[in-house]
Amino acid sequence: MIRRVCSDDWKAIQTIWADEAKSIYAQFDKSNDLEDQAVAKRITMWASFACGDEHIFLAVCLHKTVIGYIALNRMECGYEIGYCFHSDYHGKGYAKESISGALAYLKNKGSLRITAGTALKNTPSVHLLHSLGFHQTGTEKLSFYKDADGKDIVFDGGIYELLL
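About the cut-offs
- Residues numbered from 1 in each chain as written.
- Predicted model: local features only at pLDDT ≥ 70, side-chain atom pairs only at ≥ 80, totals over all residues.
- Heavy atoms only, no water.
- Helix = DSSP H or I, 4+ residues; strand = E, 2+ residues; numbered from the N terminus.
- Expected span 1.5 Å × (residues − 1).
- Buried < 20%, exposed > 50% of the residue type's maximum accessible area, 1.4 Å probe, protein only.
- Contact = heavy atoms within 4.5 Å.
- Pairing = 2+ DSSP bridges.
- Axes fitted to C-alpha atoms, helices over the stretch in contact; angles between N-to-C directions.
- Right-handed = clockwise from strand over helix to strand, strands pointing away.
- Core = buried A, V, L, I, M, F, W, Y, C linked by side-chain atoms within 4.5 Å.
- Salt bridge = Lys/Arg side-chain N within 4 Å of Asp/Glu carboxyl O.

Enquirer: Account for helix H1 (residues 10–21), with residues named and values stated.
Expert: Along its 12 residues, H1 runs 16 Å from first to last C-alpha, staying within 8% of the 16 Å computed at 1.5 Å per residue. Here H1 has its buried residues at Ile13, Gln14, Ile16, Trp17, Asp19 and Glu20. In this fold, the buried residues of H1 make contact with helix H2 (36–47), strand E3 (65–75) and strand E4 (78–85).

Enquirer: I'd like to hear about the sheet that holds strand E5 (residues 113–119), residue by residue, with values.
Expert: Ordered by their spatial adjacency, 7 strands build an open sheet running E1-E2-E3-E4-E5-E7-E6, and the pairing between neighbours is mixed. The open sheet terminates on both sides in strands that have one partner only, identified here as strand E1 (2–4) and strand E6 (135–146). For this sheet the average axis-to-axis angle between neighbouring strands, irrespective of direction, equals 30°. Looking at chain direction, E3 and E4 are connected through 8 bridges and run antiparallel. When the sheet's bridge partners are listed, Ala71 is paired in E4 with Gly82. Along the sheet, helix H3 (residues 94–108) contacts E1, strand E2 (55–62), E3, E4, E5 and strand E7 (152–163); its crossing angle with E4, the most-contacted strand, is approximately 160°.

Enquirer: Just give me the short version of the pairing of E4, but keep the residues and values in it.
Expert: Linkage of E3 to E4, two consecutive antiparallel strands, is achieved through a turn of 2 residues. For E4 and E5, the ladder comprises 3 bridges, and the chain directions are parallel. Bridging from a neighbouring strand, Glu80 pairs with Thr115 of E5. Handedness of the crossover is the feature at issue here: the chain leaves E4, passes through H3, returns alongside E5, and the resulting connection is right-handed.

Enquirer: Account for the nonpolar core, naming residues and giving values.
Expert: Soluble, globular proteins show a tendency: their nonpolar side chains are buried together. In terms of nonpolar packing, the biggest core is built from 23 residues, with Ile70, Leu72, Ile81, Ile99, Leu103, Ile114 and Phe134 touching the most fellow members. Residue assignment for this core shows that the elements contributing at least two residues are E2, E3, E4, H3, E5, helix H4 (123–131) and E7. Per element, the largest residue contribution to this core is 5 residues, and it comes from H3. If sequence neighbours within four positions are ignored, Leu72 has contacts with Glu54, His55, Ile56, Leu58, Tyr79, Glu80, Ile81, Ala102 and Leu106.

Enquirer: Describe the pairing of E7, naming the residues involved and giving the relevant values.
Expert: Note that E5 and E7 share 7 bridges and pair antiparallel. Opposite Ile114, over in E7, you have Leu162 as the bridge partner. The sheet contact formed by E6 and E7 spans 10 bridges and is antiparallel. Within the sheet, the bridge partner assigned to Lys141 lies in E7 and is Asp156. In sequence, E6 turns back onto E7 through a hairpin of 5 residues, with Gly150 there showing a positive phi of about 85°.

Enquirer: Please provide a residue-by-residue account of the pattern of salt bridges, values included.
Expert: Taken as a whole, this structure holds 8 salt bridges when the rule is applied. Residue Asp36 is joined to Lys11 by a salt bridge in which the shortest nitrogen-to-oxygen separation is 3.9 Å. Of this pair, Asp36 sits in helix H2 while Lys11 sits in helix H1; the two residues are 25 residues apart in sequence, bridging distant segments of the chain. By relative accessible area, which is 41% here, Asp36 ends up partly exposed. Among the ionic pairs, Lys146 bridges to Asp152, the shortest N-O distance being 2.6 Å. Judged by its relative accessible area of 52%, Lys146 falls in the exposed class. Residue classification places Asp152 among the partly exposed positions, given a relative accessible area of 45%. What emerges from the salt-bridge pattern is a single network uniting Arg4, Asp53 and Lys109.

Keep in mind these values describe shape, not function.
Here it is as structure tokens:
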């Protein structure tokens, strides 16, 4: 089931972020503050967008358990999509199924273009985007962290697009 994120989802999303922080792919994404107050505040902000379509935050639930989320942010000519799922649910089709549903929703709302970004070394995410019909349209150099000497740790990010 997919539904809009509500403020009570903060603890589940905190668990997802803590799980993500242990992943080898965490180095390719901005870290999330895992303190209770910070997470609750951020998820309450996400929930505040529940009545509009400028920013759409969706909780992906298996029965009553939030196993992941999808973030859709309106851009000049479409939406940008981001997503994160707890590793216990990777490789089972939940991300593809739920993102497909979100894309169908956007298409029904008249959206014509969806973009996504992911590290080229994040092969599971790259494969997911390709399986959903996204095509790589470019690359960019990104850095979210510094090494022990204070130098940026740079990686190649892929820019992906799906025309609905």
